[in-house]
Amino acid sequence: MLHVDCKVAIIGGGLLGTSIAYFLSAHVKSPESIVLVEQEKNIAQHTSSRNTGKVHAPFLYDPVKKKTFAKAASLGYEMWQKYSDNKGLPFKRDGVLEVALDDMEFSRLQKYMEWGEANGLAKNELQLLDKSEVAKIEPNVRCVSALYCSKDASVDYGALALALMQDLQSFGCKLLLGHRAHQISHSRGAYSITTSQGAEIKTEYIINAAGGSSMDIAHKMRVAENYSDLHFRGEYWQAPQQYKDLTNLSIYSVPKHPEYPFLDPHWIIRADGRREVGPNAVPVFGPYAYGWRRNLADMLPKMIESTKTGALRIVFDKQFLSLASTELKSSLSKTAMINRVREFLPQIRPSAFTKRGTAGIRSSVIDRTGKFVPDTLVLERDSSFHVLNYNSPGATGALPMAANIANRVMEAGALPPGLPRSLWDASAIAEKMKL
Ligand SMILES: Cc1cc2nc3c(=O)[nH]c(=O)nc-3n(C[C@H](O)[C@H](O)[C@H](O)COP(=O)(O)OP(=O)(O)OC[C@H]3O[C@@H](n4cnc5c(N)ncnc54)[C@H](O)[C@@H]3O)c2cc1C
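Just so it is clear, the structure is predicted and the values come from calculations on it, not from any experiment.

J.: Lay out the sheet that holds strand β15 (residues 227-234) in plain terms, naming residues and giving numbers.
T.: With antiparallel pairing, 3 strands are arranged side by side in an open sheet as β20-β15-β22. Strands with a single pairing partner mark the edges of an open sheet, and in this sheet they are β20 (282-284) and β22 (360-367). Neighbour-to-neighbour, the strand axes of this sheet turn through a mean angle of 40°, independent of strand direction. Pairing analysis gives 3 bridges linking β15 to β20, with the strands arranged antiparallel. Residue pairing in the sheet places Phe232 in a bridge with Pro283 of β20.

So this is what it looks like as C-alpha cells:
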C-alpha cells in the first residue's frame, strides 16, 4: 500500500484545485507537504475542460445574490490575461453580444447594465444597442435590442490548467494522479484518506475542490448535510464551416429563467475559432454521466441520496419539471436545440449540424426546501475547506477564488509562509476578494 504523509491534501485536480495548489505551493516554505489528489490520469478532465471557454464579464451576476461569483469574475479577467500572456496561451478579447428578443428581456438588459457597473465594469465597456445599431455590427442577428460588452474573452481552460500543473510541480507540490479519495476519517487532529486504488494519505488539512463530487465528499465528512446537488449535462453542437462568417461575436440570449440553472443555448465562438451552439442543461443522475450507460448506473444511488437529503422535493416544483422537459427535448432532438438559437440567428439550419461538441456537467446545489443556492458555498470545518456549487463563472473566477482560499488556509496556520513565487501575492488578491 502507498503511504503519503502531508500537511494539506487538496482533493480534485480541476481548475479550482490546481489553482489552489498553485497559490499554496507558491507561498509556503515547504510546498512538498502539499498533495493534490486527482482521480483521473491527468488533471482537468471534467468540467474544467468541458465548458464554453469564456472569461465572462461580470454583468450577468447579481452583486448581492451572487456576490462571490461576481467578485471573482471581475478579478479573474486581468489575472487570466496576465497568466495566458506569461505562458504564451491564447487569450482573445473578443467581446459578447447579449440579445433581447422582446421588451421584457430588454428590461433584463437594463438590469445587466446596472450589475455590470456595480461589479466594476467601466461605462465604455458596456453598451446598450437598439435594433438598428445591432444590425450595423451583426447584420445576421435578429433581436429588439442588445447589450454589447467588449470585456469578454475566449481561452482554453484545459491548457491553462495544464500550465498551472507544471508551475505547481516546479514549486515542489506533490501530485497524486489516478487516485480517487474514497474513505475519509478524522482522529486526534489528523485525517486519513484512503483512495479506491489503495493509497493512504495522512494529512492535517483537507481542501475539497472535487467539483461535481464535492458534495459527496462533504457528506462523507458530515459537512453540508442540509444540502444536496443536482446534475445537468450541457451539450453542444459544432457548427459547419458554412457558418464561419455568420457573426463576429459570440451571441448570448437573455436567460428565460435565470433562477434555475437551465441555460438557453448560445452561439459561441471559441478561442480556436470553432463555432458552436450550446450548452443546454439536461438533468442527469451524476457528475460524470456523459453517456446513457453511466447515467443509468448513477440513477439508483442518486434517488436514494435525494430521498435522504430531501432533494426529491424538487419534483413538486412544476416550473422546474416543465423546464427540465424542454431541456430533455433539446437533448433528444437536434432540431429542438438548434431552433432555440435560430430565434436570434434565423439563418442557421438544424440539418447542417452533424457533429456534437464536448458535453460538460454542472452540479447545482439545492437546500432542504428544494431551492437552488445562487452563489458558491465555501464551508470551513475542523481543518477542512469545502467549495460547493462552484459553477459558471467558476472557470473565470478560479484564480482569485483559489488565492483567497490559499490565503485562508495559511492564515489558519496550516503551513508556515515562505517567499511568494506566483505571479500574484495571494494576500493582496484575498484582500480584494473581501465582500
Ligand atoms: C457546460 C458548461 C459550460 C461552462 N462554461 C463556462 C465558461 O464559459 N466560463 C466559466 O467561467 N465557467 C464555465 N463553466 C463553469 C466552469 O467550467 C466550472 O465552474 C469549473 O470548471 C469548475 O472547476 P472545478 O475545478 O471546481 O471542477 P472540475 O473541473 O470538475 O474538477 C474537479 C476535479 O475533481 C476530481 N475529483 C472528483 N472527485 C474526486 C475524488 N473523490 N478524488 C480525487 N479526485 C476527484 C475530478 O476528477 C475533477 O478533475 C461551465 C460549466 C459547464 C458545465
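The structure having been displayed, the exposition proceeds.
J.: Can you tell me about the packing of helix α10 (residues 398-411) against helix α11 (residues 426-433), naming the residues and giving the values?
T.: The geometry of α10 relative to α11 is characterised by a closest axis approach of 8 Å and an angle of 110° between their N-to-C directions. The angle between the axes of α10 and α11 places the two elements in the roughly perpendicular class. When α10 is examined against α11, the residues Pro400, Ala403, Asn404, Ala406 and Asn407 are found in contact with a partner set consisting of Ala426, Ser427, Ile429, Ala430 and Met433.

J.: Give me the environment of Leu377: which residues, what numbers.
T.: In this fold, Leu377 is placed in strand β23 (residues 377-380). The class of Leu377 is partly exposed, set by 18 C-beta atoms lying within 10 Å. The spatial distance from the C-alpha of Leu377 to the C-alpha of Asp425 is 24 Å, given a sequence separation of 48 residues. Not counting the four nearest positions on each side in its chain, Leu377 is found in contact with Val365, Leu388 and Asn389.

J.: How would you explain the sheet that holds strand β10 (residues 174-177) if you had to name every residue and give the values?
T.: Strand order in this open sheet of 6 strands is β10-β3-β2-β14-β24-β23, and the pairing throughout is mixed. Sheet topology places β10 and β23 at the edges, where each strand pairs with a single neighbour. Neighbouring strand axes in the sheet, compared pairwise and without regard to direction, differ in orientation by 15° on average. Bridge count between strand β2 (residues 8-11) and strand β3 (residues 34-38): 4 bridges; the pairing is parallel.

Cut-off values and rules
- Residues numbered from 1 in each chain as written.
- Predicted model: local features only at pLDDT ≥ 70, side-chain atom pairs only at ≥ 80, totals over all residues.
- Pairing = 2+ DSSP bridges.
- Helix = DSSP H or I, 4+ residues; strand = E, 2+ residues; numbered from the N terminus.
- Axes fitted to C-alpha atoms, helices over the stretch in contact; angles between N-to-C directions.
- Parallel < 35°, antiparallel > 145°, perpendicular 65-115°, else oblique.
- Contact = placed C-beta atoms within 7 Å.
- Buried ≥ 20, exposed ≤ 12 C-beta atoms within 10 Å, placed from the backbone.

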